[in-house]
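# Reading the structure
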Amino acid sequence: MGFNVTMVNILMSCVTSARYKITHAGREFGDIIPERGLRQGDPLSSYLLLVCMEGLTSIIKEYERKGLITGIKVARGAPTVTHMFFADDSYIFCKATKEDAEHVMNILSTYTKKEVLDILKFHEADDSSHYLGLPNSLGRKKSALLGYLKEKVQQRVQPWDGKLLNKGAKIGGSPSYIWRSILEAQQMLKQGMACRLGTGDLISITEDPWLPDVENPFIQTIHPAIQNAKVSSVMVSGENKWDEDLLEDIFDERDINLILSIPLQNNSPDSWYWKYAKCGGYSVKTAYRRIQDSKPGQNSSVNPCFWKNL
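In short, a report on the structure.

Time to look at the overall build of the protein chain. When its secondary structure is counted, the protein chain shows twelve helices and eight strands. Put simply, the protein chain has 310 residues, and 22% of those count as buried. With the model as given, the accessible surface of the protein chain reaches about 23500 Å², and the carbon-plus-sulfur share is 56%.

Let us now look at helix α10 (residues 253-260). Buried within α10 are the following residues: Asp255, Ile256, Leu258 and Ile259. Against the buried residues of α10 lie α9 (244-250).

Taken together, the side chains of Glu244, Asp245, Glu248 and Asp249 present a region of like negative charge at the surface. The exposed category is assigned to Glu248, whose relative accessible area is 56%.

Turning our attention to the nonpolar core. Core analysis: the biggest nonpolar cluster contains 21 residues, and Ile205, Trp210, Val231, Trp242 and Phe251 have the highest contact counts within it. Of all the secondary structure elements, the ones that give two or more residues to this core are α9 and α10. Here this core gets three residues from one element, more than from any other, and that element is α10. Contact partners of Ile205, with chain neighbours within four places excluded, come to Trp210, Ile219, Ile226, Ala229, Lys230, Val231, Ser233, Val234 and Phe251.

Now for the pattern of salt bridges. Tallied over the full model, the rule gives five salt bridges. In this structure, the salt-bridge partner of Glu239 is Lys241, at a minimum N-O distance of 3.4 Å. Residue classification places Lys241 among the partly exposed residues on the basis of a relative accessible area of 44%. Overlapping salt bridges, with partners in common, bring together Glu62, Arg65 and Lys66 in one network.

Let's shift gears to the environment of Asn216. With respect to the helices and strands, the residue Asn216 is situated in the loop between β7 (193-196) and α9. Judged by relative accessible area, Asn216 falls into the partly exposed class, the value being 26%.

Phi angles above zero are rare outside glycine, and Asn228 is one such case at about 65 degrees. Structurally, Asn228 can be placed in the loop between β7 and α9.

A few words now on the packing of aromatic side chains. Applying the stated criterion to the full structure yields three aromatic pairs. Each ring, one from Trp274 and one from Tyr276, has its centre 5.2 Å from the other, and the planes form 80 degrees; the classification is edge-to-face. With 4.8 Å between their ring centres and 85 degrees between their planes, Trp274 and Tyr282 make a pair best called edge-to-face. Residue classification places Trp274 among the buried residues on the basis of a relative accessible area of 0%. Here Tyr282 falls in the partly exposed class, since its relative accessible area comes to 41%.

Rules of the game
Residues numbered from 1 in each chain as written. Predicted model: local features only at pLDDT ≥ 70, side-chain atom pairs only at ≥ 80, totals over all residues. Heavy atoms only, no water. Helix = DSSP H or I, 4+ residues; strand = E, 2+ residues; numbered from the N terminus. Buried < 20%, exposed > 50% of the residue type's maximum accessible area, 1.4 Å probe, protein only. Areas by Shrake-Rupley, 256 points an atom, 1.4 Å probe, with all protein chains shown as cover. Contact = heavy atoms within 4.5 Å. Patch = residues over 30% accessible without salt bridge, like charges linked within 9 Å, V, L, I, M, F, W, Y side chains within 5 Å. Salt bridge = Lys/Arg side-chain N within 4 Å of Asp/Glu carboxyl O. Lys, Arg positive; Asp, Glu negative; His and termini not counted. Charge placed at Lys NZ, Arg CZ, Asp CG, Glu CD. Core = buried A, V, L, I, M, F, W, Y, C linked by side-chain atoms within 4.5 Å. Phe/Tyr/Trp six-rings, centres within 6.5 Å; stacked < 30°, edge-to-face > 60°.

The values are spatial; any link to function lies outside them.
Here you go:
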């Protein structure tokens, strides 16, 4: 990053003077002495930002003292804020005037002058320098500059082929508990879904569960006239009622009684709902309760107060 050798030695002395110990299974291991210097995420790495930005802060304060730039106040009597520095962003506040804008440019120009770098004993980073392992300037030949990253990733991934990837390919032969649970829930979802009749234009007479029967919401009648037909075809066109004559000609008694018990709402669209919940919405709780109720032995004669007495 261009720090002077003296400053590097000072920072390294702070790093290498620390000692770490690891406790494992009741035993202490160490001392561990860090020798690789500062890395991203190191508690001391944030101080590098403070060292670099202290010079810019001094220049901004000098311009503010001379009245060349004016900051902002969040309220009357509040202190004036001229700048805010973050890890990735820097904000300089001033009036929206030509003069203040020129002064801000002069601040940035002064901060980057070679004289300031010489005073701080920094050298200016060039295009060949790196920051966090990446080049400062990419240019147009990005593939050539970043090619080593691709090679490094490939070197890391290749040893996995025989260990992890082949093992993952065998999952299809022995599906996991999660996949078995998903498939079981899918079947339960199909059993619990039913059609809420509206116009009847989207509901199939023979294929969809639209009758108000929890155990068997499908039509039992077998007749060629209703194959591939929609429910709206057994309604009186333009009227909000069933075509009873047509129903008696085609359907059996059980299906007729269930169909006539459905109130018609031709002004509402067809929809789906979960029949095991009063609100009609699916939930894991109601599905789990349905699965438990369907298991043999769940409806035992055990007194409900037995568990409370325990």
